2 protein chains.
Amino acid sequence: MRPLILVSNDDSYMARGVHALIDRLVEIGDVVAVCPQHPQSGQSMALTVNEPLRITPLPDYRGARMYHVSGTPVDCVKLAMHHILDRRPDIVVTGINHGSNSAVNVLYSGTMGAAMEGAAFGIPSVGFSLTDHAMDADFSPCLPAIDLLVKAILENGLPQDVCLNVNVPDVDFVPREMRLCMPCRGHWNDEYKEYTDPFGRKFYWLTGRFENLEPDNERTDEWALAHGMISVVPVSIERSADTCLDIDWLPAVLARYARLAAQATD
Amino acid sequence: MRPLILVSNDDSYMARGVHALIDRLVEIGDVVAVCPQHPQSGQSMALTVNEPLRITPLPDYRGARMYHVSGTPVDCVKLAMHHILDRRPDIVVTGINHGSNSAVNVLYSGTMGAAMEGAAFGIPSVGFSLTDHAMDADFSPCLPAIDLLVKAILENGLPQDVCLNVNVPDVDFVPREMRLCMPCRGHWNDEYKEYTDPFGRKFYWLTGRFENLEPDNERTDEWALAHGMISVVPVSIERSADTCLDIDWLPAVLARYARLAAQATD
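Residues numbered from 1 in each chain as written. Chains lettered and ligands numbered in written order. Predicted model: local features only at pLDDT ≥ 70, side-chain atom pairs only at ≥ 80, totals over all residues. Heavy atoms only, no water.

Caption draft 1: Local environment of helix α2 (residues 73-84) of chain B. Counted residue by residue, α2(B) has ten buried out of twelve residues, so it is predominantly covered. Those residues of α2(B) lying buried are B:Pro73, B:Val74, B:Asp75, B:Cys76, B:Val77, B:Lys78, B:Leu79, B:Ala80, B:Met81 and B:Ile84. (Buried < 20%, exposed > 50% of the residue type's maximum accessible area, 1.4 Å probe, protein only. Helix = DSSP H or I, 4+ residues; strand = E, 2+ residues; numbered from the N terminus.)

This is the structure:
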């Protein structure tokens, strides 16, 4: 049996990036794509709780079954798992995102939110992004890496709770190197542009520039991308800070709480 | 100078939980509360990219400055940092959430999204939740723990990239114990209720029941809550899977990619 590949993204079912992804994946397995009806950039792992959701079948694309869902990327993966697919997918592949999901962007990315939701279902999952926001971006530099990584994940799996965040630099050649990276430390500055409406009231629109706090660190995804390489970052959805279970002041505070609570209830 | 405390939540500025939180925090420091205008449960770290945002000042509450923002919990924290606060807060405190954010819920929680955004700004951050969804829930069992933890965090700080996820059980007494926990492994089943609209079309609404995969593990947050204890789970926003940098098959695939790319460009 051919592997079953669940595809999603955050740029909506109409985005060129997801079509480029499907073009390649139909050569590897049976593809079902469940994508948001409307663009969902920056939706992280948001899910829809206060409204109903619709699933709409679309015409097949290159032999892939296509659907759109009236919600977020996470909604797409959840509804695919519960109401669209008739068997468990062998892999979840998301993207190709129009724009970088390197560094801190991974926290907000809807494309990576869908991949993390795949990991939450225990399915090996990977998200691909191209560092070019253009709607008509050329996704061909991504394709050899997609082919190789998807096949390797299908063959080998991934550790529990871990998915891969793959970013491809916006270059006009196939990158020569794909590199295992750490997410670059950094943050966004000047995050909002301020406007005044016709009634004199202010409003704000998200913008900003990324400040790289470790530009010379060759292990980061930003460094790899700046040097024309593809970055591969393992991302854990098990966000518990294992290493911090020894926050040194916490045991004393917990003990103090127990004493106070005992007094309060005596 | 009194500490500056930034408060946010996901249940909106009208929720009883945030008022209960502010009631206690104004005794500890100067409070500025920036909350969503509308309920934002399940918004994770979503941010608003395709629409403008408004900041609306509200009447003070118990001496706390109050604002609502027309976006997500993360939008609230970002706009507070860039356009509302005139100095850097000493701590970000979110909640009190109406409902549990234990186990896998932390991935989707808007309340914890706001706390993680605080951590992304490098500010010690903590989110509080009560395992009772009722709008008129009694938040008094949370208050001694909030008092103690907020003061301890102000005094000692938290490790970089780590915030705390504190859940309080829905009990009618002050819990006797507050315990350091791991997030419980588990997942949601039957996640959608299916309906048919008056035109014969199906639609879906998120629901489901949590399946605890380790009910006897005394180290988990679910176990603590089920036994009337408060759970404290450190959460890392540095989601990189350090321990997985040795995915054993990956180096060979990366090397293979380099060979293929060299051939393609030769």
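Moving on from the model shown.
Caption draft 2: Inspection of the pattern of salt bridges at higher detail. Applying the stated rule across the entire model yields 26 salt bridges over all chains. Where B:Glu238 meets A:Arg185, a salt bridge forms, and the shortest distance between an N and an O atom there is 3.9 Å. Separated into two different chains, B:Glu238 in the loop between β13 (230-236) and α6 (250-265) and A:Arg185 in the loop between β8 (178-180) and β9 (186-189) make up a pair that spans both. Between A:Asp197 and A:Arg201 there is a salt bridge; the shortest N-O distance is 2.9 Å. (Salt bridge = Lys/Arg side-chain N within 4 Å of Asp/Glu carboxyl O.)

Caption draft 3: Focus on the interface of chain A and chain B. Each partner contributes to the interface: chain A provides 93 residues, whereas chain B provides 94 residues. Both faces combined, the contact of chain A with chain B buries some 8,100 Å², and carbon together with sulfur accounts for 63% of it. At the junction of chain A with chain B, the criterion picks out eight salt bridges. Applying the counting criterion to the chain A and chain B interface returns 26 residue pairs in polar contact (both at pLDDT 80 or more). Broken down by element, the side of chain A that touches chain B gets its largest block of residues, ten residues, from helix α6 (residues 250-265) of chain A. Looking at the side of chain A that touches chain B residue by residue, the classes come out as 58 nonpolar, 14 polar and 21 charged. (Contact = heavy atoms within 4.5 Å. Buried area = accessible area lost by both parts, 1.4 Å probe. Polar contact = N/O pair within 3.5 Å; in protein donor to acceptor, adjacent residues only side chain to side chain. Nonpolar A, V, L, I, M, F, W, Y, C, P; charged D, E, K, R; others polar.)

Caption draft 4: Region of the structure containing the side chain of B:His98. One can find B:His98 in strand β5 (residues 91-98). Sequence-distant contacts of B:His98, that is, excluding residues within four places in its chain, are made with B:Asp11, B:Ala15, B:Arg16, B:Gly17, B:Leu130, B:Asp132, B:His133, B:Ala134, B:Met135 and B:Phe139.

Caption draft 5: Focus on unusual backbone geometry. Residue and element names in this part refer to chain A. In this chain, glycine 95 is followed by isoleucine 96 through a cis amide linkage whose omega measures -15°. In this fold, isoleucine 96 is placed in strand β5 (residues 91-98). Even without being a glycine, serine 44 presents a positive backbone phi close to 50°. Along the chain, serine 44 falls in the loop between β2 (30-36) and β3 (55-61). Residue serine 44 is classed as buried on the basis of its relative accessible area of 2%.

Caption draft 6: Main features of the sheet that holds strand β1 (residues 4-8) of chain A. All names here are of chain A. Taking strand neighbours across the sheet as the criterion, the nine strands line up as β3-β4-β2-β1-β5-β6-β7-β13-β8 in an open arrangement whose pairing is mixed. Each edge of the open sheet is held by one strand with a lone partner, namely β3 and β8. Sheet twist, expressed as the mean angle between neighbouring strand axes with direction ignored, is 25°. Contacts from helix α1 (residues 16-25) reach β1, β2, β3, β4 (64-69), β5 and β6 (125-130), with the element oriented near 140° to β5. Taken strand by strand, helix α4 (residues 143-156) contacts β5, β6, β7 (162-168), β8 and β13 (230-236), and its axis lies near 160° from that of β5. (Pairing = 2+ DSSP bridges. Axes fitted to C-alpha atoms, helices over the stretch in contact; angles between N-to-C directions.)

Caption draft 7: Inspection of the side chain of A:Ser102 at higher detail. Residue and element names in this part refer to chain A. Relative to the assigned elements, serine 102 resides in the loop between β5 and α3 (110-120). For serine 102, a relative accessible area of 0% translates into the label buried. In this structure serine 102 touches Asn167, Asp221, Glu222 and Leu225, once residues within four positions along its chain are discounted.

Caption draft 8: Structural context of the sheet that holds β5(B). Residue and element names in this part refer to chain B. Pairing is mixed in the open sheet, where nine strands are placed in the order β3-β4-β2-β1-β5-β6-β7-β13-β8. Every interior strand has two partners, whereas the edge strands, β3 (55-61) and β8 (178-180), have only one. Taking each pair of neighbouring strands and ignoring which way they run, the sheet shows an average axis angle of 25°. Running at roughly 140° to β5, helix α1 (residues 16-25) makes contact with β1 (4-8), β2 (30-36), β3, β4 (64-69), β5 and β6 (125-130) of the sheet.

Caption draft 9: Representation of the environment of A:Arg209 within the structure. All names here are of chain A. Mapped onto the secondary structure, arginine 209 falls in strand β12 (residues 209-212). Residues arginine 209 and aspartate 190, spaced 19 residues apart in sequence, show a C-alpha to C-alpha distance of 6.8 Å. If we skip the residues at most four places from it in the chain, arginine 209 touches His187, Trp188, Asn189 and Asp190.

Caption draft 10: Seen up close, helix α3 (residues 110-120) of chain B. Residue and element names in this part refer to chain B. Most of α3 sits inside the fold, with ten of its eleven residues counted as buried. Taken as a whole, α3 has its buried residues at Gly110, Thr111, Met112, Gly113, Ala114, Ala115, Met116, Glu117, Gly118 and Ala119. Against β1, α2, β5, β6, β7 (162-168) and β13 lie the buried residues of α3. Its side-chain oxygen 3.2 Å from the backbone nitrogen of threonine 111, serine 109 forms the N-cap of α3. Directly after α3, the chain includes glycine 122, whose backbone phi takes a positive value near 80°.

Distances and angles like these do not, on their own, reveal function.
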